Amino acid sequence: MTARVVADLNAALHSVMAADEHLHLLGEDVADPYGGAFKATRGLSGAFPGRVRATPISEGAIVGAGAGLALAGGKAIVEIMFGDFIALAFDQIVSFAGRSVSMYGRRVPLHLVIRCPVGGGRGYGPTHSGSPQKHFVGVPGLSLFETSAFHDHTTLLRRMLSLGHPAILFEDKVLYGRRMHAHDTLFHRTGLGTLDPCARFTVEGAGRADCVLVAPGGVAERALAATRSVLLTDEITCEVLVPSRLYPFDLQPLLPVLAAAGRVCVVEESTAGGTWGSELAQQLHTALWDDLRAPVRLVHSADAVIAAAPHLEREVLVQDTDIARAVKEVTAG
Amino acid sequence: MTTVQERPPLGASEADLELLLLIRHFEQQLLELFAAGELSGTTHTCLGQEYIPVALRTLLRPDDFVFSNHRGHGHYLARFADPAGLLAEIMGREGAVCNGVGGSQHILRDGFLSTGVQGQSLPVAAGVALHLSRAEAGALAVAHIGDGTWGEGAVYEALNLAALWRLPLLVVAEHNGIAQSTPTELQLAGSVAGRAAAFGIEHARVTSQDLGEIRALLEPLLAAARSGPAPLVVEFVTHRLGPHSKGDDTRPAEVLAAAAEHDWYPAVQDERFRQADERIREQVAAVAREVAARPRSVWADRGCR
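Scoring rules and cut-offs
- Residues numbered from 1 in each chain as written.
- Chains lettered and ligands numbered in written order.
- Predicted model: local features only at pLDDT ≥ 70, side-chain atom pairs only at ≥ 80, totals over all residues.
- Heavy atoms only, no water.
- Helix = DSSP H or I, 4+ residues; strand = E, 2+ residues; numbered from the N terminus.
- Rg over C-alpha atoms; globule rule 2.2 N^0.38 Å.
- Contact = heavy atoms within 4.5 Å.
- Areas by Shrake-Rupley, 256 points an atom, 1.4 Å probe, with all protein chains shown as cover.
- Lys, Arg positive; Asp, Glu negative; His and termini not counted.
- Charge placed at Lys NZ, Arg CZ, Asp CG, Glu CD.
- UniProt positions renumbered as here; feature names shortened; annotations may be inferred.
- Buried < 20%, exposed > 50% of the residue type's maximum accessible area, 1.4 Å probe, protein only.
- 1 Å grid on protein atoms, 1.4 Å probe; cavity = no way out; pocket = protein on both sides within 12 Å on 5 of 7 lines; lining within 4 Å.
- Points joined across faces, edges and corners; volume = space filled by probe spheres on them.
- Nonpolar A, V, L, I, M, F, W, Y, C, P; charged D, E, K, R; others polar.
- Pairing = 2+ DSSP bridges.

## Description of the overall build of chain A
When its secondary structure is counted, chain A shows 10 helices and 13 strands. Relative to the compact-globule value of 20 Å for 333 residues, chain A shows a C-alpha radius of gyration of 20 Å, a close match. Along the longest, intermediate and shortest principal axes, the C-alpha atoms of chain A span 60 × 45 × 35 Å. Within chain A, contacts between residues separated by at least 24 positions form 77% of all contacts whose residues are at least 6 apart in sequence. Total accessible area computed for chain A in this model is approximately 12,000 Å², and 54% of it derives from carbon and sulfur atoms. Separation of charge centres in chain A, based on 29 positive and 34 negative side chains, amounts to 3 Å.

And the structure:
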C-alpha cells in the first residue's frame, strides 16, 4: 500500500533538507515532539538541529525571516499552520518577497517556499477552513502550486526550491490522510506536460470525453466521484486533469485534450468571486474560442464564510454532487 | 610651546565633513530638481538627519547588511558615496543603481537594501541576522526605521524573534518627532525605550550630534551586539528639517524654527567647512547636470519568473 500524503510530504521535507545544508525550515510548532499541527514536519528538528525552528505566532515575521535567509543566499521553507493565517503574511509575500525578485531592476534570486494547509471539510470553522489561493493569483514574482495525491512531493519541493523566486504550496488538509496515487479503478491515469505535469484521468475503454474537469488538490477526488456518477447515471464521459502548478498556468499541454472535448469545468474549493478558476476560464476562452461548445463552467464554493457545523459547512463547500450537476448542465446544450 | 589641538566641530573628520555635506547638498539638489519639474514620483529627504549614517559609518563593517527605508538617501550615500548612481536611479537615467525600477525608495546593492513599506524590513533583517549569526560571525543586520514605524506590528514580531534567537540585529530608530505629518505624541504611546525593555533588548538613546561622542557611546554597544550576538535598539533623537515628501510640510513656522535650531550645518562654520561646502555644492550640481544629460535607463532583465 502506498504512503499517506502527509508521510510522503514529510519524507520529501527530509529529503530536501538533507540535500541542502543552506535550507532552513521555520514554522509555528514545527519542532518535535509535536512535529507540526498536521505532523508534516515530524522528525525534522531532530534530524537537522539549528536549521528547523519552531517560531512564535508571527506569520509576518517568519515569512519575512525566511525571505531574509533567502536574500542572504540561503533557502527557506516556511510553514503557515493553517492557510487562513497566510493573510497575516500578505505584505511579506506580495510586497517584499514577490517584488524583490524584480523591483531592484535585475533578477534577485530568492529561494523561498511557503507551505500552507488549506480547505474545509473538517469542521474547523470560518478562520481555519479557507482556500486563499485566489488572493495570490497574478502577483509578479510569485508562483502558486497545489499538492495532490498524484504528485510526488520530493519532485515538487525540489522544483519549487529551484525556481529562484518565492512560491506557495497549498496543501488541502483532507488529503493528508489519503494514500498516494490511490484512485478509483474505473480510471486510467496518465500525465500531460513535462515541467509541471497534470495528472490525467480517463475512463477505461471510453471514447472521446464529453467534458474535461480541471480540478487541483483536494477537489480532484470529488471531481473523480462526480465523473463516476455522471458516467453511470447519465452516460456522460468526462476526464479529469489535476494540475500541480496553479499560477502561472501552462495551458499549452492541455489544449488538445480540452479542444477535443469542447466543454470544460474548472473546479476549486475557493469561495465564489475573483477566483483562480475565473482567471483560468479567461485564458481558456481566449485560447479555445473556436473549439468551445459552451462557456467554461466554474465550480466553486458558495460566496460565504465556511461554517463550523458539518451540515452547514457542506452547504458552503463544493461537493461532488455540485460538480456532477455542473457537468450535466454544461453538456446539455 | 605646546599647541592646543582644537577639537573639530561635531567631532567630524575631513571625510565625515565631506560626507555630511554630500548628503546635505544631494538632498537640497533633489528638492530643487523637483521644484523645476525634473523628477517624478516622490522623494523623502533626510535634511537634518545626515549625521546619523555618517556617525555609524565608521562603526559598521563591510560584511554588515544595512536595511534602509523611505528616507534612505543618506544611508546609501554614507555606505557607497555614489551620488551619480543614486541620482540616476531617482531620475531613471543610465547608470542607475537599480536601472530606475526601484526609484528613491527601493535600492539593492552589496549588503544594502531599502524598501518603501514601513516596518517590512525588520522581519527580513531578522532573517539576514539569522544567516549572519551562522555564516559571518560578528556581522550585524542594521535596520533604519523612524518613530512612526513603531506603529507597525511587524516591528514587534521581529524584535521578539531577534531577542528569542539572540540575533545580531541593530535597529536604528531615527526619532525625528514626526511621522509624515503626525507628531509623535499623537501616534506613539509609551516610548521606544519601553518597547525595547519589554523584549529585554538593550536600548541606547543618542541626543548628541557630535560624531565623536556618538561613536564613543555606541562603539562598545555595537561590539557587544556583535559578540553576543544580541539585538540592540539605538534611538537617535533627531530633527527633520525638510518636508516629509517634496513640499508637504504643514508644520507651523515656530515648529520649523525649533527644528532648525538643531541643524548641524550652522555649527560647522570654520574655514575648512566653507571651502568644502562650496566645493561639494558645485560637485553635486555637476553630478546633477551630468546625470540629467544621460539617456534613459533600460530595464533589460525583468525576469520576475
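## Section: the UniProt feature "domain: Dehydrogenase E1 component" (unreviewed entry) in chain B
In the UniProt entry, the feature "domain: Dehydrogenase E1 component" (unreviewed entry) is given for residues 22-251 of chain B. Between the first and last C-alpha atoms of residues 22-251 of chain B the distance is 26 Å; the span itself is 40% helix and 16% strand.

## Some words on the side chain of H70 of chain B
Residues and elements named next belong to chain B. Within the element layout of this structure, H70 appears in the loop between β1 (65-68) and α3 (73-80). For H70, a relative accessible area of 10% puts it in the buried group. Not counting residues within four places of it along the chain, the set of residues in contact with H70 comprises H44, Q105, T115, Q118 and H244.

## Considering empty space enclosed by the protein
Over the atoms a probe the size of a water molecule is rolled, and this reveals where empty space is left. Counting across every chain of the model gives 2 cavities of 30 Å³ or more. When its volume is computed, the largest cavity comes out at roughly 120 Å³. Considering the residues around the largest cavity, the lining is formed by 14 residues, among which Q133, E146, E268, E269 and S270 of chain A are closest to the centre. With 4 residues, the top contributor of residues to the lining of the largest cavity is strand β12 (residues 264-271) of chain A. Considering only enclosed or pocket space, the second largest cavity measures out at about 50 Å³ in volume. Lining of the second largest cavity is provided by S68, N69, H70, T115, G116, V117, Q118, G119, S121, H144, I145 and T149 of chain B. Each residue belonging to the lining of the second largest cavity can be placed in one class, and the counts come to 2 nonpolar, 10 polar and no charged.

## Thoughts on helix α4 (residues 83-91) of chain B
In an α-helix there are 3.6 residues to a turn, and that puts residues three or four apart on one side. All names here are of chain B. Most of α4 is tucked away, with 9 of its 9 residues classed as buried. Regarding α4, the residues found buried are P83, A84, G85, L86, L87, A88, E89, I90 and M91. Buried residues in α4 make contact with α1 (14-35), α3 and α11 (271-292).

## Details of the sheet that holds strand β2 (residues 108-109) of chain B
All names here are of chain B. With mixed pairing, the 7 strands of this open sheet are ordered in space as β2-β3-β1-β4-β5-β9-β8. Both outer strands of the open sheet, β2 and β8 (202-206), are each paired with one neighbouring strand and no more. The pairing of β1 with strand β4 (residues 141-146) spans 3 bridges and is classified as parallel. Residue pairing in the sheet places F67 in a bridge with A143 of β4.

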